Amino acid sequence: MPSHLFADRSAQPPEPGSVDALISQTRRLRGDVDAVRRDTVVDDGDTQGRWQRALCDLAVHHLDDLGRHLGQLKEGLPPAPEPVEPPQAATPGANPGPGPEDRRTRVGTAEWNLLTDEVSWSDELYQIFGRSPDAGALPLDELGSTLFSEDQPLLTAWVTACLVDGRPIDGEFRVVRADGRVRTLHMRGEPVLDPDGCTASMWAVFQDISELRRSQRAVRDSRDSLRLRREIAQTEHRLALELQEAVLPPWRGSPRPPHGTATALDVAAHYLPSTTRDLIGGDWYDSLELPGGRSMLTVGNLTGHGVTATSGMAMMLGALRGMAMAGIEPGPLMGWLNQLLESTAQPALGSAVCCSYDPARRVLSWAQAGHPAPLLFRGGTGRSLRPPEGVLLGATSGAVYGQAEQRVEPGDVLVLHTDGLTARGFDFSRADGTERLLALAPRFSAARSAQDCVRLVTEEFGEGEREDDACLLVARVGG
């Protein structure tokens, strides 16, 4: 019903054509948003998708409300409501979704006459409160009995301020209907004054905004969940990066490892991050001077990404360093690494190559576990060494790993890398990564240091798409 307080204010009714145009636009927009909502595929772990779907639901609810209001504006007075069946009893405290009648009657009006104690409710308001018209409208002092206990003081304060001070009411609260449903209502009310300026009655409009608030909560919860997941991912990325930097050798940018001699290998290494994902894997590289003048070279990686993968990498690299310092040869060393990976609390698979270089004999002893073989470059040509027997670490209990030997000459270049460097992914138009590495042989011959060789490789592989991160280690045999 219209407000008596503002009944003297003139208003021009909208043109029917303009309202029809707005209704048509609203329907078209609602259909477009609904199509986007249907096309939004949401998986169980897709927080971003759930957030987008919740936003679409909220937009649809707003457009539905707008369409109903425009329809009422076009029709003028609402038609007489159709009789509805009494609702079935629901479990107290439950909050099922609205039925068809709820969607049609989200707005109702009421007026409380303070002089005659008469109460007038619209039929829509009875439906909103789930109250039978036979039971009669609730007096103003009993309206609070339907509210949540924590919302009752709010309504009391609003009504008092309205009746005593003439302040309008604009707020929302939760009610428990007779059928047990919990609904959220928005109330707008104002005092109706008599000719002497005293409050004669109070007029109010109630809108059921339960679906709107539910959609807003879904948007807020999904947004908060998405933000939390992003913060966790950023924290894990930072921890993984710090752990990786703490474990990998500090000489990766220098031309040779510490305490190098004239007969030692010239070693350089480089880590190449993934170009498509902001994730850190369990890739490693290392070079270690062993007792007796020998040198150890290794690269490898564990499955997975993040803190779990980098912590596993730190464990494997620490064990590898300790066994190499103890004089364990590459073949048996791989066997012990396989047993270590089997006994970890978080099972994973790994691949690795481990080399032991004896400068006195100029012999490279090496073993591999499901890993790309080292590449040997000599005199402007390159080839892949024939790998000894070796399966992935953690794949088979009690696996035996073979060991091979390769004699090297001064000026030879050895390239060790993880599989992320040469993986082609879906780009079949480019040459295989190993062939691209071997094609660098003439340029390796002209290079003056291992660091120059690393720079050549990173120039070749650093710009293209790389699904996974990778490690590269280059060793140049001294004269």
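For the structure itself, look to the data block above.
Below you will find a few notes about this structure. (Residues numbered from 1 in each chain as written. Predicted model: local features only at pLDDT ≥ 70, side-chain atom pairs only at ≥ 80, totals over all residues. Heavy atoms only, no water.)

**Things to note about the sheet that holds strand E2 (residues 119-121)**
Okay, step 1: Spatial ordering of the open sheet is given by E2-E1-E5-E4-E3, a layout of five strands whose pairing is antiparallel. The outermost strands of the open sheet, each flanked by one partner alone, are E2 and strand E3 (169-176). The mean angle between the axes of side-by-side strands here comes to 25 degrees, regardless of whether they run parallel or antiparallel.
Okay, step 2: In terms of strand pairing, strand E1 (residues 107-113) meets strand E5 (residues 199-208) through seven bridges, oriented antiparallel. Bridge assignment links Asn113 to a residue of E5, and that residue is Ser201. (Pairing = 2+ DSSP bridges. Helix = DSSP H or I, 4+ residues; strand = E, 2+ residues; numbered from the N terminus. Axes fitted to C-alpha atoms, helices over the stretch in contact; angles between N-to-C directions.)

**As for the sheet that holds strand E9 (residues 350-358)**
Okay, step 1: Taken together, five strands build an open sheet; the order of strands is E7-E8-E9-E10-E13 and the sheet is antiparallel. With one partner strand each, in any of the chains shown, strand E7 (281-289) and strand E13 (404-407) form the two edges of the open sheet. Looking at each pair of strands side by side, their axes are set apart by 15 degrees on average, direction ignored.
Okay, step 2: Examined bridge by bridge, E7 and strand E8 (residues 295-305) share nine bridges and lie antiparallel to one another. Residue pairing for E8: Glu289 is matched across the bridge by Ser295.
Okay, step 3: Against the sheet, helix H7 (residues 307-325) makes contact with E7, E8 and E9, and its axis sits at roughly 20 degrees relative to E7, the strand it touches most. (Contact = heavy atoms within 4.5 Å.)

**Here we look at unusual backbone geometry**
Okay, step 1: Unlike most non-glycine residues, Asp117 shows phi in positive territory, near 65 degrees.
Okay, step 2: Judged by relative accessible area, Asp117 falls into the exposed class, the value being 65%.
Okay, step 3: In this model, Arg362 sits at a positive phi of 50 degrees, which is unusual for a non-glycine residue.
Okay, step 4: Tracing the backbone shows Arg362 in the loop between E9 and strand E10 (363-369). (Buried < 20%, exposed > 50% of the residue type's maximum accessible area, 1.4 Å probe, protein only.)

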